[in-house]
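These are the residues of each chain, in order.
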Amino acid sequence: MSETVLGTLLVALMFLLFALGVEISIALGIVGVVGLLYLKGFNVGLGVVGSIAWSNASSFSFIAVPLFVFMSGILLHSGIGKGLYTAVARWVSPLPGGLAVASVFSCAIFAAISGSSVATAATIGMIAVPEMERRGYARPLIFGSLAAGGTLGILIPPSIPMIIYGVMTETSIGHLYMAGMVPGALLAVMFAVFVIAYAMLWPATAPRVSEDQGSFLDKLRSLYEVAPVAILIVVVLGSMYVGIVTPTEAAALGSFVSLVLAAVLRTLTWRALRDAFHATIRTTSMVMLIIIFASMFSHVIALIGAPRALFDLVVGLGLPRWAFFAAIFAFLLVIAYALEELSVMIILLPILFPLVTGLGFDPVWFGIIMVVWLEIGLITPPVGLNLFVIQNMMRGMTAAEVTRGTTPYVILMILLVALLFLFPDLALWLPRHMTPAR
């Protein structure tokens with residue numbers, strides 16, 4: 001059987017399993033194992049399966065996944081960061097749409113210590129939703145600012161998808177983390193500017209209440225609420241930037257510091273610790289299962305020569321770089337509305353990455369593009385996880401309200417991708433100036 005026929009049959013099998021409702025990770029595993037057994041023979045193939053599973057499960061870089069998830073769980077379940085929204089609201093409430101702006105900026109700050117968009121949206125949403133509803137904010141504005149703001153949790157480091165991308169493509173995770181900071185801050189500002197403009201055009205959607213502003217003394221007192229978050233940001237991101245620790249070591253350090261802060265603030269209960277451990281086990285198990293099975297699939301794709309064949313095909317078309325990139329991103333946008341994006345990213349990376357880097361695109365830059373695409377998927381129906389998180393807090397949201405609430409932010413994310421294409425240094429300047437860990 002030729003490699004082309006085998007590749008076609010394996011892809012057909014994968015989509016058949018998807019259509020039958022099989023979990024994406026399991027479908028990838030079945031296709032990967034079948035392909036390896038056919039290409040390598042039964043005995044050798046089983047050995048390769050075991051080798052791939054072990055090498056991924058024992059990877060030092062992947063240790064950062066449960067550590068960052070655990071840190072996020074401590075922050076979420078111990079209540080650290082709950083005062084963050086109130087503190088930010090004190091400073092930005094004079095602006096039009098002040099509480100929605102506070103939601104965006106609170107999400108951006110919390111993202112710098114959580115590594116999870118779902119945890120970011122859930123933590124800030126629990127406080128922000130009732131506050132904005134009590135003041136009469138329009139539901140689409142509440143929904144959109146929190147769902148989109150929560151996506152910053154995977155663009156502003158630390159970020160679990162960046163770890164997965166870095167290990168799968170052998171790209172520096174530290175460079176990816178630094179590359180996400182400027183685009184993440186820029187996207188947060190873009191979101192906030194949109195909210196302000198929207199509230200100025202339609203003031204009735206975001207009533208201004210004087211009680212939100214407080215005195216200057218209240219503003220200064222509110223900085224105390226931000227102190228634990230600021231400490232963690234300095235510990236995790238600052239230590240990586242100056243080269244003191246690697247991303248994995250930063251994850252361990254961040255987990256330890258989060259435990260100490262929760263203990264000092266007397267919010268570290270047995271229930272919070274138990275819930276953090278449960279969340280860590282569930283998330284890590286899911287992520288590692290996807291990674292191991294996707295790696296088997298990737299190995300098969302590489303063996304049949306699909307990346308090289310696709311590269312030769314694209315080069316033969318003679319497309320300019322911008323046209324190729326636009327076509328790839330348009331294809332990804334279609335997928336964002338249909339499938340769970342993290343699994344799809346892991347499926348596509350073995351094919352897209354050699355093609356993109358072969359055409360001269362920077363691997364760190366492309367990693368940020370993929371994360372922005374994941375952000376889009378988090379707020380696009382029907383499988384956007386952030387939509388489910390916020391909908392659980394805002395019962396009765398209609399499909400029209402969800403669409404009105406999130407579509408402007410999707411457009412802003414696409415605009416960010418265009419800016420990154422035109423000005424790659426938005427992502428690449430900071431990594432070039434960081435000190436490598438010794």
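Residues numbered from 1 in each chain as written. Predicted model: local features only at pLDDT ≥ 70, side-chain atom pairs only at ≥ 80, totals over all residues. Heavy atoms only, no water.

Draft legend 1. Quick peek at the overall build of the protein. Across its full length, the protein carries 20 helices and zero strands. Here the protein has a C-alpha radius of gyration of 22 Å; the compact-globule value for 438 residues is 22 Å, and the two agree. Each principal axis of the C-alpha atoms in the protein carries an extent, and together these give about 75 × 45 × 45 Å. When each of the 438 residues of the protein is scored for burial, the buried share is 54%. In the protein, 81% of the contacts between residues at least 6 apart in sequence involve partners at least 24 apart. Accessible surface, the protein: about 18400 Å² in total, of which carbon and sulfur atoms supply 71%. Positive and negative charge centroids in the protein, built from 19 and 18 side chains respectively, lie 8 Å apart. (Helix = DSSP H or I, 4+ residues; strand = E, 2+ residues; numbered from the N terminus. Rg over C-alpha atoms; globule rule 2.2 N^0.38 Å. Buried < 20%, exposed > 50% of the residue type's maximum accessible area, 1.4 Å probe, protein only. Contact = heavy atoms within 4.5 Å. Areas by Shrake-Rupley, 256 points an atom, 1.4 Å probe, with all protein chains shown as cover. Lys, Arg positive; Asp, Glu negative; His and termini not counted. Charge placed at Lys NZ, Arg CZ, Asp CG, Glu CD.)

Draft legend 2. View of the packing of aromatic side chains. A full pass over the atoms with the stated rule returns 15 aromatic pairs. Judged by centre distance (5.1 Å) and plane angle (15 degrees), the ring pair of Phe-325 and Phe-421 falls under stacked. In this pair, Phe-325 sits in helix 15 (residues 321–336) while Phe-421 sits in helix 19 (residues 399–422), placing the two residues 96 residues apart along the sequence. Classification of Phe-325 by relative accessible area gives buried; the value is 9%. The exposure class assigned to Phe-421 is partly exposed, which follows from its relative accessible area of 24%. Arranged with centres 6.4 Å apart and planes meeting at 45 degrees, the rings of Phe-361 and Phe-421 form a pair that is tilted. Residue Phe-361 is located in the loop between helix 16 (341–358) and helix 17 (363–378), and its partner Phe-421 is located in helix 19; the two are separated by 60 residues in the primary sequence. By relative accessible area, which is 5% here, Phe-361 ends up buried. What links up through ring pairs into an aromatic cluster is the set Phe-324, Phe-325, Phe-329, Phe-361, Trp-365 and Phe-421. The ring of Phe-361 carries Arg-321 above its face, with NZ or CZ at 4.2 Å from the centroid. (Phe/Tyr/Trp six-rings, centres within 6.5 Å; stacked < 30°, edge-to-face > 60°. Lys NZ or Arg CZ within 6 Å of the ring centre and 35° of its normal.)

Draft legend 3. Main features of the pattern of salt bridges. What the rule picks out here adds up to five salt bridges. Close ionic contact of Arg-135 with Glu-131 constitutes a salt bridge, the shortest N to O distance being 2.7 Å. Given a relative accessible area of 28%, Glu-131 falls into the partly exposed group. (Salt bridge = Lys/Arg side-chain N within 4 Å of Asp/Glu carboxyl O.)

Draft legend 4. The arrangement of the packing of helix 8 (residues 139–151) against helix 10 (residues 173–201) in detail. As a packed pair, helix 8 and helix 10 sit with axes 11 Å apart at the nearest point and diverge in direction by 170 degrees. Taken together, the axes of helix 8 and helix 10 are roughly antiparallel relative to one another. Contact residues: helix 8 offers Leu-141, Ala-148, Gly-149 and Thr-151, while helix 10 offers Phe-191, Val-195 and Tyr-198. For the contact of helix 8 with helix 10, the per-class residue count stands at five nonpolar, two polar and no charged. (Axes fitted to C-alpha atoms, helices over the stretch in contact; angles between N-to-C directions. Parallel < 35°, antiparallel > 145°, perpendicular 65-115°, else oblique. Nonpolar A, V, L, I, M, F, W, Y, C, P; charged D, E, K, R; others polar.)

Draft legend 5. Looking closely at unusual backbone geometry. With omega at 5 degrees, the peptide bond leading from Pro-157 into Pro-158 counts as cis. Along the chain, Pro-158 turns up in the loop between helix 8 and helix 9 (160–169). One non-glycine residue with positive phi stands out, namely Glu-170, at about 55 degrees. Within the secondary structure layout, Glu-170 lies in the loop between helix 9 and helix 10. For Glu-170, a relative accessible area of 75% gives the class exposed.

Draft legend 6. Structural context of helix 17. When the terminal C-alpha atoms of helix 17 are compared, their 23 Å separation across 16 residues agrees well with the 22 Å that a helix rising 1.5 Å per residue should span. Within helix 17, 15 of the 16 residues are buried, which leaves it mostly tucked inside the rest of the structure. For helix 17, the side-chain oxygen to backbone nitrogen distance between the N-cap and Val-364 is 2.8 Å, and the N-cap itself is Asp-362. (Expected span 1.5 Å × (residues − 1). Polar contact = N/O pair within 3.5 Å; in protein donor to acceptor, adjacent residues only side chain to side chain.)

Draft legend 7. A look at the confidence of the model for the protein. On average, residues of the protein score 81 in pLDDT, and 90% of them are at 70 or above. In the model of the protein, helix 14 (residues 306–317) stands out as the element of lowest mean pLDDT, 67, in contrast to helix 10, which has the highest, 92. (pLDDT = per-residue confidence, 0-100.)

Draft legend 8. Fine view of the side chain of Thr-280. Within the element layout of this structure, Thr-280 appears in helix 13 (residues 270–303). Overall, Thr-280 belongs to the buried group, its relative accessible area being 9%. Setting aside residues no more than four positions away along its own chain, Thr-280 makes contact with Pro-66, Val-69 and Phe-70.

Draft legend 9. Examining helix 2 (residues 24–40) more closely. If you check helix 2, its first and last C-alpha atoms are 24 Å apart, about what 17 residues at 1.5 Å a residue would give, namely 24 Å. Three or more residues of helix 2 are buried, namely Ile-24, Ser-25, Ala-27, Leu-28, Gly-29, Val-31, Gly-32, Gly-35 and Leu-36. Trailing helix 2 by a residue or two, Gly-41 shows a phi angle of about 85 degrees, which is positive.

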